[in-house]
Amino acid sequence: MSDPSNTLAWLDQPHAGETVTYRDCTGQSHKLPVRYPRVTAVTQAQGREIAPHLFWCSFALDGFHFCDRIDLYSIIEPGKQALLIDTGHYDLCGMTFLDDLLAQTGTPWETVDVFLTHLHDDHTGNVPYCLHQGARGLMRGACDPYDPRNVQAFLRETGAAAVQDTALDAFVAMLLGKDNPLYEALPTVREVGAGDSLDYGGYHLEVLETPGHTFEHRCLLEPERGILFAGDHIIVATPGVMQFQRDQQLLRRYLESLHMLRNSGLRTVYLSHHEALSSTDDIVRLIDRIATTYEKPLEKTRAIVAEQGPVTIYATAAASCRHLPGGLAGLANGMRSRRVATTFGYLEYLADTGWARRHTADDGALVYEKAN
């Protein structure tokens, strides 16, 4: 991969407020902004070799809204090369565990590649640290660079702009990659997708395109061993499928890929926020449970469309929150944005599968009604 200097120059931006300081491989000091000051972590596993050349680090979290643990996996050929599958985040699990992992295997940073399952910051927060220590490159799925017009399109198409709920734009902008160079075409970034494969430590890993949790999500499959590095595609919860643009078919594609994985004979799944699943029966049970959790919100969305349609995404989200104190308007901006974005996914799924039809109103909002 190319010289990372251009990437590092972009990452080394001045930060206001509280920061975390570290030194790079040359001794130069760098700072990153504190994002989650109230989170504490306890190490559960540090560089434990759980299979030949496969190492596991795990951290229990307290005070992090989105999960209660982070599990990270690395394939390392001691002294030769390493593949880090996601990096964790310095506020959630620190940074130096990565140095310890490489030191215990005698593996130099210059031989390290990083594979990012997706671009949420609990998976990518330590990327600047990795690059500053000399990691040679990054791999991620294809994604669009941040464009503020996409934020405005989201507000317009969901109907949020029509009701003047512009407080959503900051959170939506963050999730669409604002101020995140990893969304850009940078010299250290290699886009990977279906048909690509990686070979490390005797593992032949096939890249799977698994949109759903995010549009750019990727998993790694080792077909001979029946191993899947799942990122957040399979988690012990209902993965939030937030859609921000029309015609992405995100929920439909997500459920289809779950069905494919369910029937692929997996024997081990390494998850990012849970202990590994090590039997086909457990894997099938969890996938079935995840798929089933979408039945109730989809049915609720169908009922709202049937009763109130034609209806906008924002109005549907508001109707789905009538049981909450304060309704949709009573939710914090970030949670309200999530509710609108997941409703976008539900309605697009109903249109994708033919139950609903969609048209665009004069103000640019997408409007859904029952197809027949």
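Refer to the structure printed above.
Residues numbered from 1 in each chain as written. Predicted model: local features only at pLDDT ≥ 70, side-chain atom pairs only at ≥ 80, totals over all residues. Heavy atoms only, no water.

## Points about the overall build of the protein
In terms of regular secondary structure, the protein is built from twelve helices and 17 strands. The C-alpha atoms of the protein give a radius of gyration of 21 Å, which matches the 21 Å a tight globule of 372 residues would have. Looking at the protein as a whole, 53% of its 372 residues are labelled buried. Considering only intrachain contacts with a sequence separation of at least 6, the fraction spanning at least 24 residues in the protein is 62%. Summing over all exposed atoms, the protein offers an accessible surface of approximately 16,000 Å²; the carbon and sulfur share of this is 49%. (Helix = DSSP H or I, 4+ residues; strand = E, 2+ residues; numbered from the N terminus. Rg over C-alpha atoms; globule rule 2.2 N^0.38 Å. Buried < 20%, exposed > 50% of the residue type's maximum accessible area, 1.4 Å probe, protein only. Contact = heavy atoms within 4.5 Å. Areas by Shrake-Rupley, 256 points an atom, 1.4 Å probe, with all protein chains shown as cover.)

## A look at unusual backbone geometry
P310 follows G309 through a cis peptide bond whose omega is 0 degrees. Considering the arrangement of structural elements, one finds P310 in the loop between α10 (295-308) and β15 (311-312). A positive phi angle, close to 50 degrees, is found at Q249, a residue other than glycine. Tracing the sequence through the fold places Q249 in the loop between β13 (227-231) and α8 (250-262).

## So, the sheet that holds strand β8 (residues 137-140)
Taken together, seven strands build an open sheet; the order of strands is β3-β4-β5-β6-β7-β8-β9 and the sheet is mixed. Two strands lie at the open edges of the sheet, namely β3 (40-51) and β9 (189-191), each paired on one side alone. Shown here is a sheet whose adjacent strand axes are inclined to one another by a mean of 20 degrees, direction ignored. As paired elements, strand β5 (residues 69-77) and strand β6 (residues 81-85) share five bridges and run antiparallel to each other. Bridge pairing in β6 places I75 opposite L83. Running over the sheet, helix α3 (residues 96-105) touches β3, β4 (54-62), β5, β6 and β7 (112-115) and is turned about 25 degrees from β3. (Pairing = 2+ DSSP bridges. Axes fitted to C-alpha atoms, helices over the stretch in contact; angles between N-to-C directions.)

## Section: the nonpolar core
In terms of nonpolar packing, the biggest core is built from 39 residues, with L61, L84, W109 and V112 touching the most fellow members. Counting only elements with at least two residues in this core, the list comes to β4, β5, β6, α2 (90-93), α3, β7 and α5 (127-132). Formed by 27 residues, the second largest nonpolar core is a distinct cluster that contains L208, Y254, L266 and L350. (Core = buried A, V, L, I, M, F, W, Y, C linked by side-chain atoms within 4.5 Å.)

## Some thoughts on the side chain of D122
Considering the arrangement of structural elements, one finds D122 in helix α4 (residues 121-124). Within the local environment of D122, its side chain forms a polar contact with the side chain of H273, the two groups lying 3.3 Å apart. Setting aside residues no more than four positions away along its own chain, D122 makes contact with F64, I70, G88, H89, L92 and H273. (Polar contact = N/O pair within 3.5 Å; in protein donor to acceptor, adjacent residues only side chain to side chain.)

## As for the side chain of S337
Here S337 is to be found in helix α12 (residues 333-352). Residue classification places S337 among the buried residues on the basis of a relative accessible area of 1%. Aside from chain neighbours lying at most four places away, what touches S337 is L168, F171 and V172.

## Comments concerning the packing of helix α9 (residues 280-293) against α10
In contact at an axis separation of 4 Å, α9 and α10 are set at 15 degrees when each is read in the N-to-C sense. Judged by the inter-axis angle, α9 sits roughly parallel to α10. Between α9 and α10, the contacting residues are A291, T292 and T293 on the first element and E295, K296 and P297 on the second. In terms of residue class, the contact of α9 with α10 is built from two nonpolar, two polar and two charged. (Parallel < 35°, antiparallel > 145°, perpendicular 65-115°, else oblique. Nonpolar A, V, L, I, M, F, W, Y, C, P; charged D, E, K, R; others polar.)

## Brief notes about the packing of aromatic side chains
Evaluation of the coordinates by the stated rule reveals eleven aromatic pairs. Through pairs of rings, three or more aromatic residues link up here, namely Y22, W109 and Y129. When the ring centre of Y203 is taken as origin, the NZ or CZ atom of R225, which lies over that ring, is 4.1 Å away. (Phe/Tyr/Trp six-rings, centres within 6.5 Å; stacked < 30°, edge-to-face > 60°. Lys NZ or Arg CZ within 6 Å of the ring centre and 35° of its normal.)

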